[in-house]
Amino acid sequence: MGNVLLSVIRRDLLLAFRRRADVLTTLFFFVIVVSLFPLGVGPEMKTLRLIAPGVVWVAALLASMLSLQRLFAADYQDGTLEQMLLAPHPLGVIVLGKIVAHWMVSGLPLALMAPLLGLQFDLPPEALGILFIALLLGTPILSFIGAIGAALTLGLRGGGVLLSLLVLPLYIPALIFGAGAVEAYIAGVNPEGHLSLLAALLIFSGLATPWVTALALRIAME
Amino acid sequence: MAQEALLSLALVPLNRPYSMLEVVDLSCLRGERTLFTNLSFTLSPGELLQVAGANGSGKTSLLRMLCGLSAPIAGEIRWNNAAARGEDFNRDLLYISHHSAVKEELTPIENLLIASSFAAAPLTQPQALEALERIGLGGREHLPTKALSQGQKRRVGLARLLVSNAPLWILDEPLTALDVRAVELIQARLAEHLAQQGMIVLTTHQTLQVPGITPRRIELG
C-alpha cells in the first residue's frame, strides 16, 4: 500500500515537473495578489501589519482554487483516472497520493514564499515564522478539502466557478485559525491554541477527505 | 515469425487462470434511452467475445459495466461466482478503453512502467524496454510521447497487453489507428492470451482474425 502511495506521488511530481509552467503560474498569482495590497493600501505600517495575515491567507485560498481544477482533470481526460479506479489498490490511497503531490507543488511553495512576502507588510520576524507554520499546517487542509470539490465538479462545464462556490465556504475554518494565529501573536496573545486547532483540522481532513474524494470520483466516472 | 517472438513474451503467468465471467439479465439505460435489456452470456477460459453493434448501440457502456466502472440498472455481473467488483476482481482485469491512458508529457517507457505499477504487476526496466521494442517503438522509448504519431501513441497504451498477467481482458476498439503490422501483432497476442486460458471481451469494427479462434459474437441494438 505504501508502494502505491509513493509511486503515485512520484508520478504526479514528475508530471508537475514536466508541466512546470502550471506550477509557476499559481505561485506568481499568489505573489502578485499579495504584493498588490501594500501598493493599494499605502505605506501605513500599522494598517499593513493588521491586514497582513488575512491578505496572505485569502491569496493562498484563491491560488489554491487555480490549481485545484488541475488535480484530476488531466487524468480524467486521458483515461488514466479510469485505470486508477480499476487498479487493485484502495482508491483512497491513490487519491491521498495525488493530494500530497498536489500540495507539494501548489501549497508548499506558497508557505515557503509567504515569509518573504510578509516583509512588505512590516511583520516582525517572529510573526513571519508563525505565518510560515500556519501556512505549512493550513495549505494541506486546502488541498484535502479542495480535492472533494475537484472530484465532484469533474467533467462539468463551468466547473471552475462551481468549484469555488463549493469549496471556498469550506475553507473558512482554516482561514480563521490560520490568519488568527498570526493576528493573535501580533496582538500579544499566545498563538498556540490556533495552531493546535489548525493541526487538528489537518489530521481530520487528512483522514476523512481521501475516502470521500474517492467516492465522489466513482460517482463522477459513472 | 512475429508470433514466435511474442510467445516468449509471456513474462508472467496469468493469475488464477480458471475463472468464469457470467452476465445475467443485464440492462443498460443511457439518459432516457434503453440501450439493451436482459443481456445474458457467460465467458469461459480460452474464449473471445466480440461485441458488435452500430455506433451508439451501447458497446462501450457494456464494457464499462463489465469493468465495474458504471452500475447496471438491472442484472448482475459475476466473476468466479462473486460480484465482479473490488480489488480482487481488479487484479484479474485489464481494461483498455478508447482513451489511451497515456501521458503526453512522459516518455513511452515511463508510461509503461507507471501503468504496470498501478496494475500491481511492476515491470523491470529491461522488461519494459523489451515490450516497447516488440510493439514497434524501439528507439523511441525515451522520446516524449507527444512527439509520437497517433498510431504510435496507441501502441504505447497497447504495450500493456504484452506485459499483463490478468486473465480477463476488456478491450474497447483495440485495433483503431493501427497499421497492418501492428494489427497482426495485437491479434497474435490475443491468440496467445486465449491459448493460456485467458478471456477477452472486445469491440471492433474491423474484421477480427485471431489465428485458430472463432470469436463468439453478440450484437447490440
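Residues numbered from 1 in each chain as written. Chains lettered and ligands numbered in written order. Predicted model: local features only at pLDDT ≥ 70, side-chain atom pairs only at ≥ 80, totals over all residues.

A.B. asks: Please clarify how the packing of helix α8 (residues 125-152) of chain A against helix α11 (residues 192-221) of chain A should be interpreted in this entry.
C.D. replies: Packed helices, taken two at a time, are described by their axes: the angle between them and the distance between them. All names here are of chain A. Put simply, α8 and α11 touch, their axes get as near as 8 Å, and they point 20 degrees apart. If you check the angle between α8 and α11, you find them roughly parallel. Pair α8 / α11 crosses with left-handed handedness. Its residues assigned to classes, the contact of α8 with α11 comprises 20 nonpolar, five polar and no charged. (Axes fitted to C-alpha atoms, helices over the stretch in contact; angles between N-to-C directions. Helix = DSSP H or I, 4+ residues; strand = E, 2+ residues; numbered from the N terminus. Parallel < 35°, antiparallel > 145°, perpendicular 65-115°, else oblique. Left-handed = near helix turned anticlockwise from the far one by under 90°. Nonpolar A, V, L, I, M, F, W, Y, C, P; charged D, E, K, R; others polar.)

A.B. asks: Sorry, what's going on with the sheet that holds strand β3 (residues 48-52) of chain B here?
C.D. replies: Strands belonging to one sheet form pairs held by backbone hydrogen bonds; the direction of such a pair is parallel or antiparallel. Residue and element names in this part refer to chain B. On the basis of which strands lie adjacent, the open sheet formed by five strands has the order β6-β7-β8-β3-β9 and parallel pairing. The two strands at the open ends of the sheet, each matched to only one other strand, are β6 (93-96) and β9 (216-219). When the angles between neighbouring strand axes are averaged without regard to direction, this sheet yields 15 degrees. Pairing between β3 and strand β8 (residues 199-203): four bridges, direction parallel. Across the sheet, the residue bridging to Val51 is Thr203, located in β8. Against the sheet, helix α2 (residues 59-67) touches β3, β6, β7 (168-172) and β8, its axis set at about 155 degrees to β7. Against the sheet, helix α7 (residues 180-195) makes contact with β3, β7 and β8, and its axis sits at roughly 145 degrees relative to β8, the strand it touches most. (Pairing = 2+ DSSP bridges. Contact = placed C-beta atoms within 7 Å.)

A.B. asks: Which parts of the structure should I look at to understand the interface of chain B and chain A?
C.D. replies: Where interface size is given, it is often the accessible area lost as the parts come together that is meant. Contacts between the two partners involve 22 residues from chain B, matched on the other side by 18 residues from chain A. Sorting the residues of the side of chain B that touches chain A by element identifies α3 (86-91), β6 and α4 (108-118) of chain B as the ones contributing at least two each. Per-element tally for the side of chain B that touches chain A: the top contributor is α4(B), with four residues. Considered class by class, the residues forming the side of chain B that touches chain A number twelve nonpolar, six polar and four charged.

A.B. asks: Can you walk me through the nonpolar core in this structure?
C.D. replies: Here is a general trend for soluble globular proteins: nonpolar side chains tend to be buried in one another's company. Among the nonpolar cores identified, the biggest contains 129 residues, and A:Val56 and B:Ile170 are the most heavily contacted of them. If you tally residues by element for this core, the top one is α8(A), at 15 residues. A domain-level breakdown of this core finds at least three residues from each of domain 1 (19-92 + 166-221) and domain 2 (102-164) of chain B. Other than its neighbours up to four places away in sequence, A:Val56 contacts A:Val34, A:Ala114, A:Leu117, A:Gly118 and A:Leu131. (Core = buried A, V, L, I, M, F, W, Y, C linked by C-beta atoms within 7 Å. Buried ≥ 20, exposed ≤ 12 C-beta atoms within 10 Å, placed from the backbone. Domains from an automatic or database assignment.)

A.B. asks: Sorry if this is basic, but what is going on with the sheet that holds strand β5 (residues 82-83) of chain B here?
C.D. replies: Residues and elements named next belong to chain B. Here four strands make up an open sheet; going across it, the order is β2-β1-β4-β5 and the pairing antiparallel. Each edge of the open sheet is held by one strand with a lone partner, namely β2 (33-43) and β5. Here strand β1 (residues 21-30) runs beside β2; their pairing, made up of seven bridges, is antiparallel. Bridging from a neighbouring strand, Leu21 pairs with Leu43 of β2. The strands that α2 touches are β1, β2 and β4 (74-79); relative to β1, the one it contacts most, it runs at about 130 degrees.

A.B. asks: Would you mind showing me how to read the environment of B:Gly136 here?
C.D. replies: As for its position among the elements, B:Gly136 is in the loop between α5 (125-134) and α6 (150-163). For B:Gly136, the contacting residues outside a window of four places in its chain are B:Arg155, B:Arg181 and B:Ala182.

A.B. asks: Please explain unusual backbone geometry as it appears in this structure.
C.D. replies: Both trends apply: most residues other than glycine have a negative phi, and most peptide bonds are in trans. Residues and elements named next belong to chain B. Even without a glycine there, the phi angle at Asn80 is positive, about 55 degrees. Following the sequence through the fold, Asn80 ends up in the loop between β4 and β5. For Ala177, which is not glycine, the phi torsion reads 65 degrees and is therefore positive. Along the chain, the position of Ala177 falls in the loop between β7 and α7. When the 14 C-beta atoms within 10 Å are taken as the criterion, Ala177 is described as partly exposed.

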